[in-house]
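Results of the structural survey
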There are 2 protein chains.
Amino acid sequence: MRTPSHPATESLQLAGIFHALSDPARLSIVTGLAEVEEQCCSDLDVPLSKSTLSHHLKVLREAGVTTTRVEGTRRLMSLRRDDLDLRFPGLLDAVLNAAREPADAH
Amino acid sequence: MRTPSHPATESLQLAGIFHALSDPARLSIVTGLAEVEEQCCSDLDVPLSKSTLSHHLKVLREAGVTTTRVEGTRRLMSLRRDDLDLRFPGLLDAVLNAAREPADAH
DNA sequence: TGGATAGTACGCAAAAGTTCGAACAAGCCG
DNA sequence: CGGCTTGTTCGAACTTTTGCGTACTATCCA
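The model shown is predicted, which means the values in this text are computed figures rather than measured ones.

**A short note on the overall build of chain A**
Counting its regular elements, chain A contains five helices and three strands. When the helices and strands of chain A are read in sequence order from the N terminus, they spell out α-α-β-α-β-β-α-α. Against the globule reference of 13 Å for 106 residues, chain A gives a C-alpha radius of gyration of 14 Å, in line with a compact fold. Across its three principal axes, chain A shows a C-alpha extent of roughly 45 × 35 × 20 Å. Within chain A, contacts between residues at least 6 apart in sequence are counted, and of these 64% link residues at least 24 apart. Carbon and sulfur atoms provide 50% of the accessible area of chain A, an area that totals close to 5,800 Å². Looking at charge distribution, chain A has the averaged site of its 12 positive side-chain charges lying 10 Å from that of its 15 negative ones.

Dropping the structure here:
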């Protein structure tokens, strides 16, 4: 298995990024990654099958939100912080900050 | 016709907002609203039919991104800046700023 | 009242997204 | 080598979204 391809920084589309973040499972994966920096597929605690999870990770990767690094039999995912910040300054921080907001109605 | 219902500020869902912003037509409507403050349906320059446009505006409204105010036979849309800022501080600004970024590959 | 304007609601078809299991590929370890 | 672990790919079923035309409601104006 070789390293999967990632879109170039310049070609990241805003609508595509929002689409990637519009699924609760994917949003939760992203917020999780913000805390641990690097995480492999099987360490995610999302109640979905292996193949579904793999699909979501692919969506995130193809939208340019995450990078995947191969290490042995595992794939370590991380956020493309620098690239996102270069292309859309402040966006990722705002997203992560918003996701940390309590969802309560006060 | 009476004023359509809008979700309460506290019940705004982040994933729902991203979903609303994930469609190019809706994202363009939002960025347009950021410039003119208030705009009615028929003033939008989106190449879509009236009914489709109405559908997109409904999605934006139900996600809590916009408000609709009735004035005569027209509906004036505007961004829910204050509410969004209260619930997800800085998010809308980051989104609008990102949308203003040139899409070139430099 | 009658007509024009502005937008919504409904029903439909096409396209896209979600989810899973099964089969496959690739690297590790005994 | 053979089996275990990790993850991808494929096909299928199902749901959601998108886009349109038509029909409808509501408001304004002559």
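**Considerations on the sheet that holds strand β1 (residues 39–40) of chain A**
Residue and element names in this part refer to chain A. Ordered by their spatial adjacency, three strands build an open sheet running β1-β3-β2, and the pairing between neighbours is antiparallel. At either margin of the open sheet sits one strand with a lone partner, and together these are β1 and β2 (66–71). Lying on the sheet, helix α2 (residues 24–36) is in contact with β1, β2 and β3 (74–79); it crosses β3 at an angle near 90°.

**Considerations on the pattern of salt bridges**
Residues and elements named next belong to chain A. For the coordinates displayed, the defined rule picks out ten salt bridges over all chains. Ionic pairing is found between Asp 83 and Arg 80, a salt bridge with its closest N-O pair at 2.9 Å. Taking relative accessible area as the criterion, Asp 83 reaches 25% and is therefore assigned partly exposed. What you see here is one network of salt bridges that share partners, running through Glu 38, Arg 69, Glu 71 and Arg 74.

**A closer look at the sheet that holds strand β1 (residues 39–40) of chain B**
The strands that make up a sheet are held in pairs by hydrogen bonds between backbone atoms, and each pair lies either parallel or antiparallel. Residues and elements named next belong to chain B. Read across the sheet, three strands follow the order β1-β3-β2 without closing on themselves; strand pairing throughout is antiparallel. What marks the edges here is a single partner per strand, and that holds for β1 and β2 (66–71). Sheet topology places β1 next to strand β3 (residues 74–79); two bridges connect them, and they run antiparallel. By the bridge assignment for β3, Gln 39 is matched with Met 77.

**Brief notes about the packing of aromatic side chains**
Inspection of the entire model under this criterion finds one aromatic pair over all chains. Each ring, one from Phe 18 of chain A and one from Phe 18 of chain B, has its centre 5.7 Å from the other, and the planes form 10°; the classification is stacked. With Phe 18 of chain A in helix α1 (residues 14–21) and Phe 18 of chain B in helix α1 (residues 14–21), this pair bridges two chains. Overall, the relative accessible area of 0% leaves Phe 18 of chain A in the buried class.

**Details of the side chain of Gln 39 of chain A**
Within the element layout of this structure, Gln 39 of chain A appears in strand β1. Residues within four places of Gln 39 of chain A in sequence aside, it is in contact with Gly 32, Leu 33, Leu 44, Arg 75, Leu 76 and Met 77 of chain A.

**Some thoughts on unusual backbone geometry**
All names here are of chain A. Although it is not a glycine, Glu 37 adopts a positive phi angle of roughly 70°. With respect to the helices, strands and loops of the structure, Glu 37 is situated in the loop between α2 and β1. What makes Glu 37 partly exposed here is its relative accessible area of 46%.

**Focus on α1 of chain B**
Taking burial as the measure, the eight residues of α1 of chain B include six buried ones, the bulk of the element. Within α1 of chain B, burial applies to Leu 14, Ala 15, Ile 17, Phe 18, Ala 20 and Leu 21 of chain B.

**Focus: the nonpolar core**
In this structure, Leu 91 of chain A together with Leu 91 of chain B are the most contacted members of the largest nonpolar core, which totals 62 residues. The contact partners of Leu 91 of chain B, leaving out residues within four places of it in the chain, are Ala 94, Val 95 and Ala 98 of chain A together with Leu 14 and Phe 18 of chain B.

Conventions we followed
- Residues numbered from 1 in each chain as written.
- Chains lettered and ligands numbered in written order.
- Predicted model: local features only at pLDDT ≥ 70, side-chain atom pairs only at ≥ 80, totals over all residues.
- Heavy atoms only, no water.
- Helix = DSSP H or I, 4+ residues; strand = E, 2+ residues; numbered from the N terminus.
- Rg over C-alpha atoms; globule rule 2.2 N^0.38 Å.
- Contact = heavy atoms within 4.5 Å.
- Areas by Shrake-Rupley, 256 points an atom, 1.4 Å probe, with all protein chains shown as cover.
- Lys, Arg positive; Asp, Glu negative; His and termini not counted.
- Charge placed at Lys NZ, Arg CZ, Asp CG, Glu CD.
- Pairing = 2+ DSSP bridges.
- Axes fitted to C-alpha atoms, helices over the stretch in contact; angles between N-to-C directions.
- Salt bridge = Lys/Arg side-chain N within 4 Å of Asp/Glu carboxyl O.
- Buried < 20%, exposed > 50% of the residue type's maximum accessible area, 1.4 Å probe, protein only.
- Phe/Tyr/Trp six-rings, centres within 6.5 Å; stacked < 30°, edge-to-face > 60°.
- Core = buried A, V, L, I, M, F, W, Y, C linked by side-chain atoms within 4.5 Å.

Shape descriptors only; they carry no functional weight alone.
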